[in-house]
Protein chains: 2
Amino acid sequence: MENDFLYVKPGEIEKESFRIIGEELSEQGIVLKKKQEPYIKRCIHTSADFSYAKTLVFSKNATTILENLLKEHASIICDTNMALAGINKTALAKVGCKAYCFMADERVKEIAEKEGTTRAAASVNATSHIEGKKIYCVGNAPTALIELDKLYHEGRIVPDFVIGVPVGFVNVVYAKELIINSDIPHIVNKGRKGGSNIAACLMNAALYRVEHRQL
Amino acid sequence: MENDFLYVKPGEIEKESFRIIGEELSEQGIVLKKKQEPYIKRCIHTSADFSYAKTLVFSKNATTILENLLKEHASIICDTNMALAGINKTALAKVGCKAYCFMADERVKEIAEKEGTTRAAASVNATSHIEGKKIYCVGNAPTALIELDKLYHEGRIVPDFVIGVPVGFVNVVYAKELIINSDIPHIVNKGRKGGSNIAACLMNAALYRVEHRQL
């Protein structure tokens, strides 16, 4: 009975949610790859949308690469403050990484207005000064992916990993295909769906793996 | 062609997205009520999930009540920092409202641990000292809705409005039904789906209406 869980602890609720997700995936005949499983299940947990089991694309060894980057204390760069807010700060501190978002940066605003582009695209530019390894966590702005791909091909930015899950109706499918077809290690959700919540939960899935959490 | 929009301004992208959403709703034979339309379309815009057109529940005169509360400078209380991060701060300032989240509050943490409940439930308690009208914006924690309903029936809190769109697999459907069956003015998404992004975008839809934005 669902109501049995009314007064249980939050950790138990999450555990039970993942059990239900696993059960329903089995009922649908979906078998996930072992390393991708915690990522895909967390997306379903965040959205209650089982379509993520079919649309998430992982480049070769994506989860291992991503988890190793976190172990090397890579910087995480989010395209929105919402994605940044969704990243578990306790896990982040424990793993020893830092996360950023430059969307509200005054200089980014100026560049975007001057060039008639989005602030997300302008803020990708603003990351070139960050030293060390970089993970881009994009849940909202397809223009951020388009700019990343462009700057990568111009040799101006080397993204060590891209979580590319913007949501939307314009440019989104195209921008995701750019990353899928690139040689940048990535996790991308094909099609229109995604969001800041999905970007953050994929990042959390990686952090929890590095932390050796169970889920 | 999708790619025609690669270099257009962000405002144009949003406008085009809403046009596509309207077109696809028409193709599906869905006609939205005029006052609910900007809210429902914004949820679809945020999630690329058309199921929101069928599952969002509005209590009587919900949008008018919500918009009037904003005009009266009601406080907005979010259950997560992610929902808070998703609320458009420029619109919020223009309308003259303030938004809060007490999840990271030290006292809330202590109460939650002591009582073995969620921080979300504990933080609903923490709102009793806020004066004036209150809008609760819940995108993550069903326990926040359950606690709200309980405190309301005990006469300890009077929520002037509840946006009840937590996502999940445990308690979620039940918690939403509590609000749907209450006499608290509300917008609730039936079923499992929702999220901090949906909570924030419903709040933004209301703010934009008060601001007289077009979308």
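My aim in this report is to walk through the structure given alongside it, one point at a time. (Residues numbered from 1 in each chain as written. Chains lettered and ligands numbered in written order. Predicted model: local features only at pLDDT ≥ 70, side-chain atom pairs only at ≥ 80, totals over all residues. Heavy atoms only, no water.)

**A few points about the overall build of chain A**
Phase 1 of the analysis: In terms of regular secondary structure, chain A is built from 11 helices and 6 strands.
Phase 2 of the analysis: Taking 17 Å as the expected radius of gyration for a compact globule of 215 residues, we find that chain A reaches 17 Å, a close match to that expectation.
Phase 3 of the analysis: Across the 215 residues that make up chain A, the buried fraction comes to 60%.
Phase 4 of the analysis: In chain A, of all internal contacts separated by at least 6 residues, the share reaching a separation of at least 24 is 66%. (Helix = DSSP H or I, 4+ residues; strand = E, 2+ residues; numbered from the N terminus. Rg over C-alpha atoms; globule rule 2.2 N^0.38 Å. Buried < 20%, exposed > 50% of the residue type's maximum accessible area, 1.4 Å probe, protein only. Contact = heavy atoms within 4.5 Å.)

**Description of the sheet that holds strand 5 (residues 161-164) of chain A**
Residues and elements named next belong to chain A.
Phase 1 of the analysis: In spatial order, the strands read 1-6-5-4-2-3; together these 6 strands make up an open sheet with mixed pairing. Here the strands that pair on one side only, and so sit at the sheet edges, are strand 1 (56-58) and strand 3 (98-101). Pairs of neighbouring strands in the sheet enclose a mean axial angle of 15°, with direction left out of account.
Phase 2 of the analysis: Both strand 5 and strand 6 (residues 186-189) contribute to a ladder of 3 bridges, which runs parallel. When the sheet's bridge partners are listed, V162 is paired in strand 6 with H186.
Phase 3 of the analysis: Packing against the sheet, helix 4 (residues 62-71) makes contact with strand 1, strand 2 (75-78), strand 4 (134-138), strand 5 and strand 6, and its axis sits at approximately 115° to strand 5. (Pairing = 2+ DSSP bridges. Axes fitted to C-alpha atoms, helices over the stretch in contact; angles between N-to-C directions.)

**Thoughts on the state of the cysteines**
All names here are of chain A.
Phase 1 of the analysis: The tally for this structure, following the rule as stated, stands at 0 disulfides over all chains.
Phase 2 of the analysis: Sulfur of C101: no disulfide; nearest cysteine sulfur belongs to C78 and is 6.5 Å away.
Phase 3 of the analysis: Assessed through its relative accessible area of 16%, C101 is described here as buried.
Phase 4 of the analysis: The thiol of C137 is not disulfide-bonded; the next cysteine sulfur, from C78, is found 4.5 Å away. (Disulfide = S-S within 2.5 Å.)

**Describing the relation of the copies chain B and chain A**
Phase 1 of the analysis: Laying chain B over chain A is done by rotating through 180° and shifting 0.0 Å along the axis; what remains is an RMSD of 0.0 Å. Such a turn and shift between the copies fits a two-fold axis. Every residue of chain B has its C-alpha some distance from the rotation axis, and the shortest such distance is that of M82 of chain B, at 2.6 Å.
Phase 2 of the analysis: Interface overlap between copies: 100% of the residues of chain B at the interface are likewise at the interface in chain A, consistent with a symmetric, same-surface contact. (Least-squares fit on C-alpha atoms with pLDDT ≥ 70 in both.)

**Regarding the environment of I146 of chain A**
All names here are of chain A.
Phase 1 of the analysis: With respect to the helices and strands, the residue I146 is situated in helix 9 (residues 142-153).
Phase 2 of the analysis: Accessibility expressed as a relative area gives 11% for I146, which makes it buried.
Phase 3 of the analysis: Residues I146 and V172, 26 residues apart in the sequence, show an inter-C-alpha distance of 9.5 Å.

**Details of unusual backbone geometry**
Phase 1 of the analysis: The backbone of A48 of chain B shows a phi angle near 55°, a positive value even though the residue is not glycine.
Phase 2 of the analysis: Locating A48 of chain B in the fold gives a position in the loop between helix 2 (37-47) and helix 3 (52-55).

**Notes on the nonpolar core**
Phase 1 of the analysis: Counting residues in hydrophobic clusters, the biggest one holds 156 residues, and the most contacted among them are L70, I76 and M203 of chain A together with L70, I76 and M203 of chain B.
Phase 2 of the analysis: If we skip the residues at most four places from it in the chain, L70 of chain A touches I76, V95, C97, I135, M203, A206, L207 and V210 of chain A. (Core = buried A, V, L, I, M, F, W, Y, C linked by side-chain atoms within 4.5 Å.)

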